[in-house]
Amino acid sequence: MGTTSIEDLRLYHYTTVESFANILKTRVLWASHIGYLNDTSEQSLIPELIRKRIKARLQNPECPNRKTLEKVDTFVSSPISKDVFVVSFSKDGGDRLSQWRGYSGSAGVSIGFNPSELEKRCNTFTTENYKHPTDGIGAILREVKYIKATGDKHSDVEIDSTLDFHIAVAEMESPLTPSETFNRELSYTSCDLKDAAFGEELESRIVILDFSGDSNLLFRTRKSLLAPYREFSLGTQLWPLISKVTIGPSPHKEETTKAIKRMIGDDRIEVVESLIPYRDW
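Residues numbered from 1 in each chain as written. Predicted model: local features only at pLDDT ≥ 70, side-chain atom pairs only at ≥ 80, totals over all residues. Heavy atoms only, no water.

### Description of the packing of helix α3 (residues 45-58) against helix α4 (residues 66-76)
- Running from amino to carboxyl end, α3 crosses α4 at an angle of 155 degrees, the nearest separation of the two axes being 10 Å. The orientation of α3 relative to α4 falls into the category roughly antiparallel. Between α3 and α4 lies a crossing whose hand is left-handed. Counting all contacts with α3, which are made through Pro47, Ile50, Arg51, Ile54, Arg57 and Leu58, the residues of α4 involved are Arg66, Leu69, Glu70, Val72, Asp73 and Val76.
- Looking at side-chain class alone, the contact of α3 with α4 contains 7 nonpolar, no polar and 5 charged residues. (Axes fitted to C-alpha atoms, helices over the stretch in contact; angles between N-to-C directions. Helix = DSSP H or I, 4+ residues; strand = E, 2+ residues; numbered from the N terminus. Parallel < 35°, antiparallel > 145°, perpendicular 65-115°, else oblique. Left-handed = near helix turned anticlockwise from the far one by under 90°. Contact = heavy atoms within 4.5 Å. Nonpolar A, V, L, I, M, F, W, Y, C, P; charged D, E, K, R; others polar.)

### Here's the deal with the pattern of salt bridges
- Summed over the entire model, instances satisfying the criterion amount to 12 salt bridges.
- With its nearest N and O atoms 3.6 Å apart, the salt bridge here joins Lys258 to Glu254. Here the residue Lys258 and the residue Glu254 both occupy positions in helix α9 (residues 253-264), the gap between them amounting to 4 residues, near one helical turn. The same class applies to Lys258 and to Glu254, which are both exposed. (Salt bridge = Lys/Arg side-chain N within 4 Å of Asp/Glu carboxyl O. Buried < 20%, exposed > 50% of the residue type's maximum accessible area, 1.4 Å probe, protein only.)

### Topic: the packing of aromatic side chains
- For the structure shown, the criterion picks out 4 aromatic pairs.
- Lys194 extends its terminal NZ or CZ atom over the ring of Phe198, reaching a point 4.6 Å from the ring centre. (Phe/Tyr/Trp six-rings, centres within 6.5 Å; stacked < 30°, edge-to-face > 60°. Lys NZ or Arg CZ within 6 Å of the ring centre and 35° of its normal.)

### Side note on the pairing of strand β10 (residues 218-222)
- With 5 bridges connecting them, β10 and strand β11 (residues 225-233) associate as antiparallel partners. Residue Phe219 lies in a different strand from β11, and its bridge partner there is Pro228.
- Taken together, β10 and the strand that follows it, β11, pair antiparallel across an intervening segment of 2 residues, in which Lys223 is found at a positive phi of about 55 degrees. (Pairing = 2+ DSSP bridges.)

### Focus on the side chain of Thr257
- As for its position among the elements, Thr257 is in helix α9.
- Sequence-distant contacts of Thr257, that is, excluding residues within four places in its chain, are made with Ile247, Val271 and Glu273.

### Focus on the nonpolar core
- Ranked by size, the top nonpolar core spans 31 residues in total, and within it Phe113, Ile206, Ile208 and Val245 carry the most contacts.
- Not counting chain neighbours up to four residues away, the residues in contact with Ile208 comprise Ala31, Asp83, Val84, Phe85, Phe125, Ile137, Gly138, Ala139 and Phe232. (Core = buried A, V, L, I, M, F, W, Y, C linked by side-chain atoms within 4.5 Å.)

### A short note on the environment of Arg51
- Looking at the element boundaries, Arg51 is found in helix α3.
- In this structure the C-alpha to C-alpha distance between Arg51 and His166, which are 115 residues apart in sequence, comes to 12 Å.

In structure tokens form, the structure reads like this:
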């Protein structure tokens with residue numbers, strides 16, 4: 001059996017050089033509200049597919065758990081109202097042309113993160129912000145799975161598994177109401193499954209579920225949108241959380257590489273140039 005290299009495990013966050021400089025300065029990532037991302041089916045695809053599976057099961061005269069299924073159907077028919085924020089990463093090696101085109105602008109970088117260190121940061125974030133099941137903010141690192149909205153064998157298995165999980169959730173004891181418990185878990189699950197059209201991104205994401213109800217949101221312009229976001233702290237030490245930075249295609253790649261090495265100021269963090277011969281200037 002072969003061994004898994006560090007390169008196979010890293011999660012890459014693509015961004016502009018300007019944004020990277022701000023990340024180094026502030027030691028935070030911006031987690032965007034899920035309703036403002038480039039996938040317009042976020043948070044709606046999974047509820048729609050679950051409703052279809054419930055309908056199919058209820059048509060069976062010998063359907064087990066019929067009462068629970070009917071209850072779950074009323075829960076899932078209500079729109080998800082929780083505030084969910086995400087930071088996206090890709091397990092693609094940090095040098096993919098479509099990502100440079102989509103996220104780097106005229107000059108960008110991909111930041112290679114250690115997933116185990118990211119999980120530690122999520123745990124710290126949750127400890128600092130999660131006060132009570134009905135009042136707090138929690139973060140978790142999740143790997144995205146891809147399914148076809150039109151359905152296939154793999155997608156049906158994923159949706160059935162998701163539905164069975166939520167049937168169990170609906171019967172759990174909790175300080176929340178059954179509807180609130182279900183809604184919360186569905187918010188998380190809906191972040192895990194995306195349309196297969198986005199499959200090449202090989203995405204993992206930090207998911208921040210916000211139950212605080214406070215008004216401390218931040219806002220930024222994102223193309224034609226004014227998008228809410230929350231800050232996710234990276235802590236004071238970049239290494240070993242960040243172990244590699246790849247400089248994307250740009251008209252001044254050599255100069256950018258030298259400047260970024262000096263800006264990082266840590267020889268333990270590898271800085272390399274993209275191998276893709278792409279130019280849009």
